[in-house]
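Observations on the three-dimensional arrangement
As a plain string of letters, each chain reads:
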Amino acid sequence: MDIISWTAATLMSMYMLLGSQTSNSDYVYNAEMQDGKISAILSYKTSDTGSTLTANTKHVYEYDEQQRVISDQTLKWNIDERQWVPEKCIEFEYDGITIAMNYRKWDKRNNSYMAPSESMVYTMMG
């Protein structure tokens, strides 16, 4: 039995679920597509009156040749600079038996991601 992968189809299902939940009415979601896969999911916060949207977060996804997610980069909208600013990245490594997830924070001084600060490994049992 193969371990469940974080794939393009899984990501599309998650996006559809987010968009259909009424409990998330403070946020609106939009997906950017490339080559039939979600390349990014953007969230926008609605104003108290519901008349305006403000950019909030952007998740940028990268895939391997097997359509598995290998990177989930989170960007936050900087309203003063009017641009997306890196915040964190989760990198996924697959070896057939395990999935390793490495959490990396953005280092503003060096303008790059730091070495992984947290890692988690999932192993298929039985």
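Here is what the cut-offs are and how they apply
- Residues numbered from 1 in each chain as written.
- Predicted model: local features only at pLDDT ≥ 70, side-chain atom pairs only at ≥ 80, totals over all residues.
- Heavy atoms only, no water.
- Core = buried A, V, L, I, M, F, W, Y, C linked by side-chain atoms within 4.5 Å.
- Buried < 20%, exposed > 50% of the residue type's maximum accessible area, 1.4 Å probe, protein only.
- Helix = DSSP H or I, 4+ residues; strand = E, 2+ residues; numbered from the N terminus.
- Pairing = 2+ DSSP bridges.
- Salt bridge = Lys/Arg side-chain N within 4 Å of Asp/Glu carboxyl O.

1. Here's the deal with the nonpolar core
By size, the foremost hydrophobic cluster in this structure holds nine residues: Ala31, Ile38, Ile41, Tyr61, Tyr63, Val69, Phe92, Tyr94 and Ile99. Only β2 (37-46), β3 (53-63) and β5 (83-94) provide two or more residues apiece to this core.

2. Focus on the pairing of β5
Alignment of strand β4 (residues 69-78) against β5, held across eight bridges, turns out to be antiparallel. Following the sheet pairing, Lys76 is matched in β5 by Val85. Joining the antiparallel neighbours β4 and β5 is a turn of four residues, in which Arg82 adopts a positive phi near 55°. The sheet contact formed by β5 and strand β6 (residues 98-107) spans seven bridges and is antiparallel. Paired with Cys89 across the two strands is Arg104, which belongs to β6. Connecting the antiparallel pair β5 and β6 is a turn made up of three residues, with Gly96 showing a positive phi of about 95°.

3. Looking at the pattern of salt bridges
Applying the stated criterion to the full structure yields two salt bridges. Measuring nitrogen to oxygen at the nearest pair gives 2.8 Å for the salt bridge that ties Asp64 to Arg68. For Arg68, a relative accessible area of 14% gives the class buried. When the shortest N-O distance is used, the salt bridge between Glu91 and Arg104 registers 3.1 Å. On the criterion of sequence distance, the pair formed by Glu91 in strand β5 and Arg104 in strand β6 is long-range, its members being 13 residues apart.

4. Topic: unusual backbone geometry
Even without being a glycine, Gln67 presents a positive backbone phi close to 65°. By the secondary structure assignment, Gln67 is in the loop between β3 and β4. Although it is not a glycine, Asn111 adopts a positive phi angle of roughly 55°. Relative to the assigned elements, Asn111 resides in the loop between β6 and β7 (112-113). For Asn111, a relative accessible area of 57% puts it in the exposed group.

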